[in-house]
Amino acid sequence: MSPQQMAPSVRRVAIIGGARIPFARSDGPYATASNQQMLTAALDGLVERYGLQGSGAVGEFVAGAVLKHSRDFNLARETVLGSTLHPRTPAYDIQQACGTGLQAVIAAANKIALGQTESAVAGGADTASDAPLGVNDTLRRILLETRRAKSAGARLKALAKVRPSHLVPDIPRNAEPRTGLSMGEHAAVTARAWDIGRAAQDELAAASHQRLATAYERGFFQDLVIPFRGLARDQNLRPGSTVEKLASLKPVFGLGHPDPTMTPGNSTPLTDGAATVLLASEEWARERGLTPLAYLTAYDTAAVDFVDGDVAGGEDGLLMAPAYAVPRMLERAGLDLADFELIEIHEAFASQVLATLAAWEKRGLGTVDRDRLNVAGSSLATGHPFAATGARIVATLAKLLAERDAPARGLISVCAAGGQGVTAILERA
């Protein structure tokens, strides 16, 4: 058999639908909910909607979380075992910061495309409320020394090194280990580099809330959002948001520089939530009488050198990797921004979205009509449970494309901590 005969043919990957729980502000309704509980609720909603209870109904489940307890080391598999999905469904974890949800979708899609499985569920969950607390590292070392001790005297000698300061736990920080700066402070540097003003940020944030509210009012999320712990819609949503109201908020990032522009209103809040997406081959969908919403046709990732690169100039800002991934993906696909009816950019910060648009324009991709951008709202309004955002966006965009009568394309751009970006193209045939 020749290598050509051995090579598998690549199949189209259909997006069948999605299910998520409403996103909640941290320390709110989901304060006592774990990643597994939230992800199980989202997965059960998907299973019920598409009748996935039987043995072999789903080839595998891939999901992840960014803030994980040690008990979450096998989060995806434990979620399956606690859900209505069949317990013989294999599962594994994946993590790429805020890109986790979209990377989970890509991982599942690759196996379907290569014929290794017929269907898969991808997703993610994150809780800022139930964040893990680490043992003080000095105390950890003392305890390990105590464990290794060969006698009672040696154990007592090791324990005698414990000091009151060692009892203070290590709390997770939203900061890059190599710079010590929070994501917001990094974004503030990029906002200055690209000259992103306060009014433009507030305008984008207000539009996100208004568009999400409109989408809820017209019933768009009725088959995408599963009520959970008393919530039926995203808690962060402020339907009455206006530029004028947002203008009254005080800046919280970039305060060490003149005229800071980033506020709680044009930045995403810490959020709890979970989301899932069902993907399949066309044959699998056809056999079950399911009509695909859209197809996942391309994807790419990129990273920037936010430590030693051109950070001050904006080219290597922490959240600017999509400025490199998207042009490369579009060139490979033979497309430009004008070929997309809908564009979804994860709104980590309004300034980051605007900087990304400016960078795409600088790279010759053209301008994005705001009427095509995040038309059902995005992270500034929904909130951003890190690993859940990618699956939320995929399901939302797929349904938006399915609502259109004519063939259409949608672009997804997600920035991530560590100077990374994950991007994808969805198409409605």
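Below or above, wherever it landed, is the structure these notes cover. Note that this is a predicted model, so its numbers are computed, not measured.

A short note on helix H14 (residues 389-402)
Its 14 residues place the ends of H14 20 Å apart at the C-alpha level, agreeing with the 20 Å of an ideal helix rising 1.5 Å per residue. Burial of H14 is extensive: 13 of the 14 residues sit out of reach of the surface.

So, helix H5 (residues 137-148)
Across its 12 residues, H5 extends 17 Å between first and last C-alpha, which sits within 8% of the 16 Å expected from 1.5 Å per residue. Regarding H5, the residues found buried are Leu139, Ile142 and Thr146. Here the buried residues of H5 occupy an arc of 60° about the axis, which is enough to place them on one side. Among the exposed residues of H5, those pointing more than 90 degrees away from its buried face are Arg141, Arg147 and Arg148. If you follow the buried residues of H5, they end up packed against helix H6 (152-159).

A closer look at the pairing of strand S5 (residues 119-126)
Regular strands show a simple pattern: their side chains alternate between the two faces of the sheet. Of all 8 residues in S5, 8 are buried, a share of seventy percent or more. Residue alternation in S5 divides its side chains into two sets, Ser119, Val121, Gly123 and Ala125 and Ala120, Ala122, Gly124 and Asp126, and both sets are buried. Examined bridge by bridge, strand S3 (residues 60-64) and S5 share 5 bridges and lie parallel to one another. Opposite Val62, over in S5, you have Ala122 as the bridge partner. In terms of strand pairing, S5 meets strand S6 (residues 271-281) through 8 bridges, oriented antiparallel. Residue pairing in the sheet places Ala120 in a bridge with Leu279 of S6.

What counts, and at which threshold
- Residues numbered from 1 in each chain as written.
- Predicted model: local features only at pLDDT ≥ 70, side-chain atom pairs only at ≥ 80, totals over all residues.
- Heavy atoms only, no water.
- Helix = DSSP H or I, 4+ residues; strand = E, 2+ residues; numbered from the N terminus.
- Expected span 1.5 Å × (residues − 1).
- Buried < 20%, exposed > 50% of the residue type's maximum accessible area, 1.4 Å probe, protein only.
- Arc of directions from axis to C-beta.
- Contact = heavy atoms within 4.5 Å.
- Pairing = 2+ DSSP bridges.

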